[in-house]
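Reading the structure
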Amino acid sequence: MKSFHLLIHTIAAALVSSQATERPNVIIVMTDDQGYGDLGCHGNQILKTPNLDQLHAESVRFTDFHVSPFCTPTRAALMTGNHPGFTGAYRTSAGRSMMHPDEKTIAHLFAEAGYTTGMVGKWHLGDNAPHRPQDRGFQDVVWHRCGGIGQASDYWGNDYFDDTYERVKPGSRKGTFEAFKGYCTDVFFREGIRFVEDNQNKPFFLYLALNAPHGPYRVPPEWAAPYQGNKDVANPNFYGMIANIDHNMGLLRGRLKELGLTDKTILIFMTDNGTSAGAKFRGLDSEALRGFNAGMRGKKSSVYDGGHRVPFFMHWPGGGLVGGRDIETLGAHIDVLPTLADLCGISPGKDFQSDGLSLKPLLNGPPARWPRTHHTIQYHGGAYGKAMPPGPLAYSVVLTKRWRLVNSDGQALFDIGQDPAQRRNLAAQHPDIVAQLRSQYDVFWQKVSPRLTPVRIDLGNPGEPKTRLCSQDWHMPKGNPPWNFTSIRKLPKVNAPWLVDVKRAGRYRFSLRQWPAEANKPVIAERAKITIAGQTWKGLVTSGCKAIVAEIDLPTGPTELLTYLYDQQGKAGGAYFTDVEWLGGSHSLPARSETSIEKTGPRE
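Below you will find a few notes about this structure. The numbering scheme is per chain: residues are counted from 1 as the chain's sequence reads. Restriction of local features to residues with pLDDT of at least 70 applies here, the model being predicted, together with a cutoff of 80 or more for giving and counting side-chain atom pairs; totals for whole chains, interfaces and linings are based on all residues. With hydrogens and water set aside, each side-chain value is computed from the structure's full complement of heavy atoms.

**Thoughts on the overall build of the protein**
Operational definition: A run of H or I in DSSP becomes a helix once it reaches four residues, and a run of E becomes a strand once it reaches two; helices and strands are each numbered from the N terminus. Every radius of gyration here is taken over C-alpha atoms, with the globule rule written as 2.2 Å times N^0.38, N being the number of residues. Any residue under 20% of the maximum accessible area for its type is buried, any over 50% is exposed, and the rest in between are partly exposed; the area is computed with a 1.4 Å probe on protein chains only. Contact between two residues is taken to exist if any of their heavy atoms lie within 4.5 Å; hydrogens are not considered.
When its secondary structure is counted, the protein shows 12 helices and 29 strands. Here the C-alpha radius of gyration of the protein, 25 Å, is about what a compact globule of 604 residues would show, namely 25 Å. The principal-axis extents of the C-alpha atoms in the protein amount to approximately 85 × 60 × 55 Å. For the protein, with 604 residues in total, the buried portion stands at 61%. For the protein, restricting intrachain contacts to residue pairs at least 6 apart in sequence, the fraction spanning at least 24 positions comes to 70%.

Following this line, the structure appears as structure tokens:
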């Protein structure tokens, strides 16, 4: 039997290390809020996922693979190979969901190597230039804005069915909104398959980032029906959304086979954090009270294992990544970029340094020496932004093959091999291990902390002359800004600046609203104010107007934009939706000084 396994590893090593005459295609499928236990192949006895179970059976699986505990940070790490805090995109709103412009993405690398790059679905790394997927190396894009379909900056009226998404065609950075028929997951897989068909005769890289099963938990009823009425199912619609994903994975794999692309395509399946609704929990950090969480403690947004340990399957028959093999070595989202670059023969260049490691040596069998001794995850700012501004240690975990040093509500050490549910705190018994892991955390903090700095949105960017700003990107000192319509419809009297960078000097038109333009709703306010670049504009609000419009001349450079809409009592909230359009150059730009311009906002 040992000789047989040695033969299998030898064949796999030869296939992985060989240079194929054709570079492999790459498809990454990442679901949103699906946990490790939300798969039949991981022991869930209720949820039916036959196609994903089949992929699991045929793939190389990393069984100790970790991402961030929630959406944006995982996406930033996946795109760059760097820790989320280092990229600048370490939270889901409040102006902290965008990467520093100097971050090079996996799409840049593959595009520069001659691949056609495509992105479909959820981006959640910035809605405006220079942060959109088309600004970050993706050439063929269909995407929704914000962190979820139907959230504030998404196209007005989207609700998972027959939605409107932005399409960016190859050769252009300008997107156009397009109405699609069908359920969101079906649409995104259909667009992913269309991209594959369009590029079947040349190497391609496809990032298929689903919004499902993120809430709100909406799905055609036939998918949820098998789970209705089952007392052991925490949320039937959540399971139905995953069942629909599984069906579409079968369609994608079937089309790859029909096109003859299976052998030469690296297909990765993963998720972006722990489960959000696969079980019932007490708070974020408990074990499952009802439902299945693969024996782990914690859910989405937890720094316990249930919040960040996720599935990671790699399938590439032409490269020997087959056979249902498990790899137990610690892996992470920051490793995906260097691994794929290595497998596809792409050199990132001398100036590119990743926090991650190429996992390629592990694919050949256990290496004699593996350089990683630990991995660090931190939920900068904590859940709901209660630990802002982000500081050292809070809501962090240092992981090794054996240990987890968790800093959540106090410090705790767990032997994960003996205690996978993380019930027994061994910090007092092993102070030497605590000290060792704490010193390793300090190295991580020294690396990321200088980059936990504001990232700005461009105004007047040639690739986006009209910028549509949303309050989700207000730079709040603590907590979350109004990011959904549940809060916005209450017209909350809160405000914070957009951090912006004026790229072209000239005249700009500002249109202030409390609802998106497509909603066609009037502004409910008495007067308005704008402050930007040392200037103040003031205007009265005409009853029934849909927007307050002002034109202001701006110099180039970084600044802050603040908007105020005052009610009859003189209380102010911001304009949750503000369009800023570059109109052209101006002959006389004002100096950066305090200026008051009294004007009446005209009807739009």
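Alright, that's what it looks like, and here's the rest.
**Considerations on the pattern of salt bridges**
If the charged atoms of two oppositely charged side chains come close together, the side chains can form a pair. What counts is decided by this rule: The working definition used for a salt bridge is a side-chain nitrogen of Lys or Arg within 4 Å of a carboxyl oxygen of Asp or Glu.
Evaluated as defined, the whole model comprises 39 salt bridges. Here Glu112 makes a salt bridge to Lys104, at a shortest N to O gap of 2.9 Å. What makes Glu112 exposed here is its relative accessible area of 56%. Judged by its relative accessible area of 26%, Lys104 falls in the partly exposed class.

**A few points about the sheet that holds strand β9 (residues 265-271)**
Applicable threshold: The rule for pairing is simple: two strands pair if DSSP sees at least two bridges between them. In this analysis, axes come from line fits to C-alpha atoms, helices being fitted only over the stretch in contact, and the angle between any two N-to-C directions falls in the range 0 to 180 degrees.
Taken in spatial order, the 10 strands make up an open sheet running β7-β6-β5-β4-β8-β1-β9-β12-β2-β13, and their pairing is mixed. Across the chains shown, the open sheet's two edge strands, defined by having one partner strand only, are β7 (176-179) and β13 (325-327). With direction set aside, neighbouring strand axes in the sheet form an average angle of 20°. As paired elements, β9 and strand β12 (residues 312-315) share four bridges and run antiparallel to each other. Bridging from a neighbouring strand, Met270 pairs with Phe312 of β12. Here helix α2 (residues 50-58) sits on the sheet and contacts β2 (60-62), β9 and β12; the angle it forms with β12, its principal contact strand, is near 65°.

**Re the pairing of strand β4 (residues 116-122)**
Burial runs high along β4: seven of the seven residues are buried. One ladder, built from six bridges, connects β4 with strand β8 (residues 204-209); its direction is parallel. Residue Met119 lies in a different strand from β8, and its bridge partner there is Tyr207. One ladder, built from five bridges, connects β4 with strand β5 (residues 140-144); its direction is parallel. Looking at the pairing, Met119 lines up with Val141 of β5.

**With respect to the nonpolar core**
Rules: For our purposes a nonpolar core is just a set of buried Ala, Val, Leu, Ile, Met, Phe, Trp, Tyr and Cys residues, chained together by side-chain atoms within 4.5 Å.
If you look at the biggest cluster of nonpolar residues, it comprises 48 residues, and the most contacted ones within it are Phe62, Phe205, Tyr207 and Leu340. Not counting residues within four places of it along the chain, the set of residues in contact with Phe205 comprises Val26, Ile28, Ile106, Phe110, Tyr115, Thr116, Thr117, Gly118, Phe138, Phe195 and Leu340. Membership of the second largest hydrophobic core comes to 41 residues, among which are Leu512, Ala519, Val541 and Ala550.

**Some words on helix α6 (residues 184-198)**
Going by this rule: What a helix is expected to span follows from its residue count: subtract one and scale by 1.5 Å.
Taking 1.5 Å of rise per residue, the 15 residues of α6 would be expected to cover 21 Å, and the 21 Å separating its terminal C-alpha atoms lies within 8% of that figure. When you tally the buried positions in α6, you get 11 out of 15 residues, the bulk of the element. All of the buried residues in α6 are Cys184, Thr185, Val187, Phe188, Phe189, Glu191, Gly192, Ile193, Arg194, Phe195 and Val196. Summarising the contacts, the buried residues of α6 are in contact with β1 (25-31), β4, β5, β6 (164-168), β8 and α8 (236-258).

**Considerations on the packing of α6 against α8**
Our working rule: In these notes the angle categories are as follows: under 35 degrees is roughly parallel, over 145 is roughly antiparallel, 65 to 115 is roughly perpendicular, and the rest is oblique. Should the near helix be turned anticlockwise from the far one by less than a right angle, the crossing is left-handed, and should it be turned clockwise, the crossing is right-handed. In this classification, the charged set is Asp, Glu, Lys and Arg, the nonpolar set is Ala, Val, Leu, Ile, Met, Phe, Trp, Tyr, Cys and Pro, and all remaining amino acids, among them Gly, are polar.
Two elements in contact, α6 and α8, have axes separated by 10 Å at closest approach and are oriented at 15°. Between α6 and α8, the angle is such that the two are roughly parallel. The crossing of α6 and α8 is right-handed. The segment α6 lies against α8, with Thr185, Asp186, Phe189, Ile193, Val196 and Glu197 engaging Asn244, Ile245, Asn248, Met249, Leu251, Leu252, Arg255 and Leu256. By residue class, the composition of the contact of α6 with α8 is eight nonpolar, three polar and three charged.

**So, the side chain of Asp127**
Formally: Residues scored as charged are limited to Lys and Arg (positive) and Asp and Glu (negative), so that His and the chain ends carry no count. In protein, a polar contact means a hydrogen-donor-capable atom and an acceptor-capable atom, both N or O and within 3.5 Å, with residues adjacent in sequence counting only if both atoms are side-chain atoms; elsewhere, any N or O pair within 3.5 Å suffices.
As for its position among the elements, Asp127 is in the loop between β4 and β5. The buried charged residue Asp127 lacks any salt bridge, with Arg145 as its nearest oppositely charged partner at 5.4 Å. In this structure the side chain of Asp127 is engaged in a polar contact, spanning 2.6 Å, whose partner is the side chain of Ser153. Polar contacts involving the side chain of Asp127 include one to the side chain of Gln472, which spans 2.8 Å. In contact with Asp127, not counting residues within four places along its chain, are Arg132, Trp143, Arg145, Cys146, Ser153, Glu464 and Gln472.

**With respect to the packing of aromatic side chains**
Note the following rule: Here a Phe, Tyr or Trp ring, Trp counted by its six-membered ring, pairs with any other such ring whose centre lies within 6.5 Å, and the pair is stacked when the planes are under 30 degrees apart, edge-to-face when over 60, and tilted otherwise.
Tallied over the entire structure, the rule returns 28 aromatic pairs. Judged by centre distance (5.9 Å) and plane angle (75°), the ring pair of Phe62 and Phe312 falls under edge-to-face. Here Phe62, found in strand β2, pairs with Phe312, found in strand β12; they are 250 residues apart in sequence, far enough to count as distant. Between Tyr227 and Tyr239, the aromatic rings sit 5.4 Å apart at their centres with planes inclined by 85°, giving edge-to-face as the arrangement. Of this pair, Tyr227 sits in the loop between α7 (221-224) and α8 while Tyr239 sits in helix α8, and the two are 12 residues apart along the sequence. The exposure classification of Tyr227 matches that of Tyr239, with both residues buried.

Scope: geometric values only; no functional claims are made or implied.
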